[in-house]
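Single-letter residue listing:
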Amino acid sequence: MTEKKILIITYYWPPAGGPGVQRWLKFAKYLPEFGWKPIIFTPENPSYPLIDESLIKDIPKDLKIIKTKIWEPYQLAEKLNKSNKKFKAGQFDVGSNQSWKSKLSIWVRGNFFIPDARVFWVNPSVKFLENYLKENKIDVVVTSGPPHSLHLIGLKLKEKFTDIKWIADFRDPWTEISYYKHLKLTNKSDKKHRQLESDVFKNADITLATSYTDAENFRKNGANAFCITNGYDESDASVPHPTTETLSNKFTLSYIGVLEQLRNPQNLWKALDDLIIINADFAKNFSLKFAGRIDDKILQSIENSNVKNHIDNLGYLSHDKAVDEMSNSSMLLITNFPNESSKGIIPGKIFEYLATGKQIISFGPNDADVSKILDETKAGKHFSYEDSEAVKSFILEKFELWKSGNLLENKGNIQKFSRRNLTKQLSEIL
């Protein structure tokens, strides 16, 4: 069988940290098993919001990686306002937390850099790749966004090389992402965003979504869309099992990853505050662990409650250490944006959560795709941001099971979410 070549255009690549980098890193790892030779095209000097050197070991030794320079305006933005560092990760101050500098920076970001601040890499990349594609036989080109400006590279290449199959991979939606409405767009800018998105949907041979709902929405907007979720890598999940002593020390609820203001489960903090006040046994044994980048405003709000004395804030950890912390927890927390349009977002960390076997408590809109996965795997429960008493009951139920040594690990069928099986699914679509 002749090996086919797939060119993957991605902004996020090791040593970038966070879940965004892992999707195509893992596909690249397993694609050769299914007859595909991956080639990576990525910036030489990117401005990553997170760095995780531990992911470098996952790069296949024989993988071809092509890099070109990129210019990004984030250094200028950060001089205007230090909080602009959040923009690189799609984070924003919201509501009363916005200063005039934040408002100005958000307006500039949304209206001057369309679709995003990496747009200056588009034309140089197209010029470089035109020559590369003329000299090298490539069967499939993949663009992965966000940043969605990378899809414009695919759009322009497709115009020039009509025989090459183009796959537009949307790790998150474009105009339907929750923070889109916070970009303070003019009508003209909004129209341009939507037109570019439509052009990508209509011209890409295949559009990939990471959730069932997103794939359905993309199809409604003219895309030939398929869902391939994110997943877990069995090699990552193979960590030493925690000792009984470690697990019995505290009833630990852990959040692993980045938590911004738009996904702040205030009803959870209130439920925990109430449990600490009314249940001395819970107060004695409970720990809330953060491993990642937690917005300062969220930490400040928790500081004003009884939960503050139970926080273990580890800061950002490498991926390997983050997996260890998942395994050393009693329960794991996942949050999503509260609005209805976000029900299709499946945070990538849920799959690694599933691989640990720990019970999961999730927050987001009703009828979310996350809820379907938790029900299917019997791995936990999903709540809306309005739920209160039900949240307390669920946590207390798990605490009592933990105390008696009967907090069993999830044994549901999760194999369909392994990175190898997901890559097999991708190869079948290809």
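Structural data are supplied above this passage.
Residues numbered from 1 in each chain as written. Predicted model: local features only at pLDDT ≥ 70, side-chain atom pairs only at ≥ 80, totals over all residues. Heavy atoms only, no water.

So, the packing of aromatic side chains
Any pair of aromatic rings gets described here by the distance separating the centres and the angle formed by the planes. The line we're drawing: The rule is short: rings of Phe, Tyr and Trp, with Trp giving its six-membered ring, pair when the centres are within 6.5 Å, and they are stacked under 30 degrees, edge-to-face over 60, tilted in between. For the purposes of this entry, the term helix denotes a DSSP run of H or I that reaches at least four residues, the term strand denotes a run of E that reaches at least two, and both are numbered from the N terminus. Accessible area is worked out with a 1.4 Å probe on protein chains only. A residue is then buried under 20% of its type maximum, exposed over 50%, and partly exposed in between. Whether a charge lies above a ring is judged from NZ of Lys or CZ of Arg, which has to be within 6 Å of the ring centre and within 35 degrees of the ring normal.
With the rule as written, the count across this model stands at 22 aromatic pairs. Ring centres 5.7 Å apart and planes at 15° place the aromatic pair Phe 41 and Phe 128 in the stacked group. Residue Phe 41 is located in strand 2 (residues 36–43), and its partner Phe 128 is located in helix 4 (residues 122–135); the two are separated by 87 residues in the primary sequence. Judged by its relative accessible area of 33%, Phe 128 falls in the partly exposed class. Put simply, the rings of Phe 251, Phe 282, Phe 286, Phe 399 and Trp 402 pair up and form one aromatic cluster. A cation over an aromatic ring shows up here: Arg 118 above the ring of Tyr 11, its NZ or CZ 4.2 Å from the ring centre. Sitting above the plane of the Phe 337 ring, Arg 263 keeps its charged end 6.0 Å from the centroid.

Thoughts on the pairing of strand 12 (residues 359–363)
Two faces, one strand: in a regular strand the side chains alternate between the faces of the sheet. The condition that has to hold: Here, strands pair whenever DSSP counts at least two bridges between them. By the criterion used throughout, a crossover qualifies as right-handed when its path from the first strand across the helix to the second strand runs clockwise, the strands pointing away from the viewer.
Most of strand 12 sits out of view: five of its five residues are buried. Every second residue of strand 12 is oriented toward a common face, with Gln 359, Ile 361 and Phe 363 on one face and Ile 360 and Ser 362 on the other, all of them buried. Relative to strand 12, strand 11 (residues 331–335) is paired through five bridges, and the arrangement is parallel. Paired with Met 331 across the bridge in strand 12 is Gln 359. In this view, the connection linking strand 11 to its parallel neighbour strand 12 by way of helix 14 (residues 349–356) has right-handed handedness. Where strand 12 and strand 13 (residues 380–383) come together, four bridges link them in parallel fashion. Note that in strand 13 the partner of Ile 361 across the bridge is Lys 381. In this region the chain leaves strand 12, passes through helix 15 (residues 369–377) and returns to the parallel neighbour strand 13; the handedness of that crossover is right-handed.

Some remarks on the packing of helix 5 (residues 149–160) against helix 6 (residues 187–203)
To keep things clear, this is the line we draw: Here an angle of 0 to 180 degrees is reported between the N-to-C directions of two axes, which are lines fitted to C-alpha atoms, with helices fitted over the stretch in contact. Any angle that falls under 35 degrees is termed roughly parallel, while one over 145 is termed roughly antiparallel, one within 65 to 115 roughly perpendicular, and all others oblique. The sense of a crossing depends on the near helix, which, turned anticlockwise from the far helix by less than a right angle, makes the crossing left-handed and, turned clockwise, makes it right-handed. It only takes one pair of heavy atoms within 4.5 Å for two residues to be counted as in contact. Lys, Arg, Asp and Glu make up the charged group, whereas Ala, Val, Leu, Ile, Met, Phe, Trp, Tyr, Cys and Pro make up the nonpolar group; the residues left over, Gly among them, are polar.
In the contact formed by helix 5 and helix 6, the axes pass within 10 Å of each other and the chain directions differ by 55°. One way to sum up the angle between helix 5 and helix 6 is to call them oblique. Of the two elements, helix 5 crosses helix 6, and the hand of that crossing is left-handed. Across the interface between the two elements, His 151, Leu 152, Leu 155 and Lys 158 from helix 5 touch Leu 196, Asp 199, Val 200 and Asn 203 from helix 6. Taken together, the residues of the contact of helix 5 with helix 6 break down into four nonpolar, two polar and two charged.

Looking at helix 1 (residues 19–30)
Convention followed: What a helix is expected to span follows from its residue count: subtract one and scale by 1.5 Å.
Between its terminal C-alpha atoms helix 1 stretches 17 Å, which fits the 16 Å expected from twelve residues at 1.5 Å a residue. In terms of burial, helix 1 is largely enclosed, as nine of its twelve residues are buried. Among the residues making up helix 1, those that are buried are Val 21, Gln 22, Arg 23, Trp 24, Leu 25, Lys 26, Phe 27, Ala 28 and Tyr 30.

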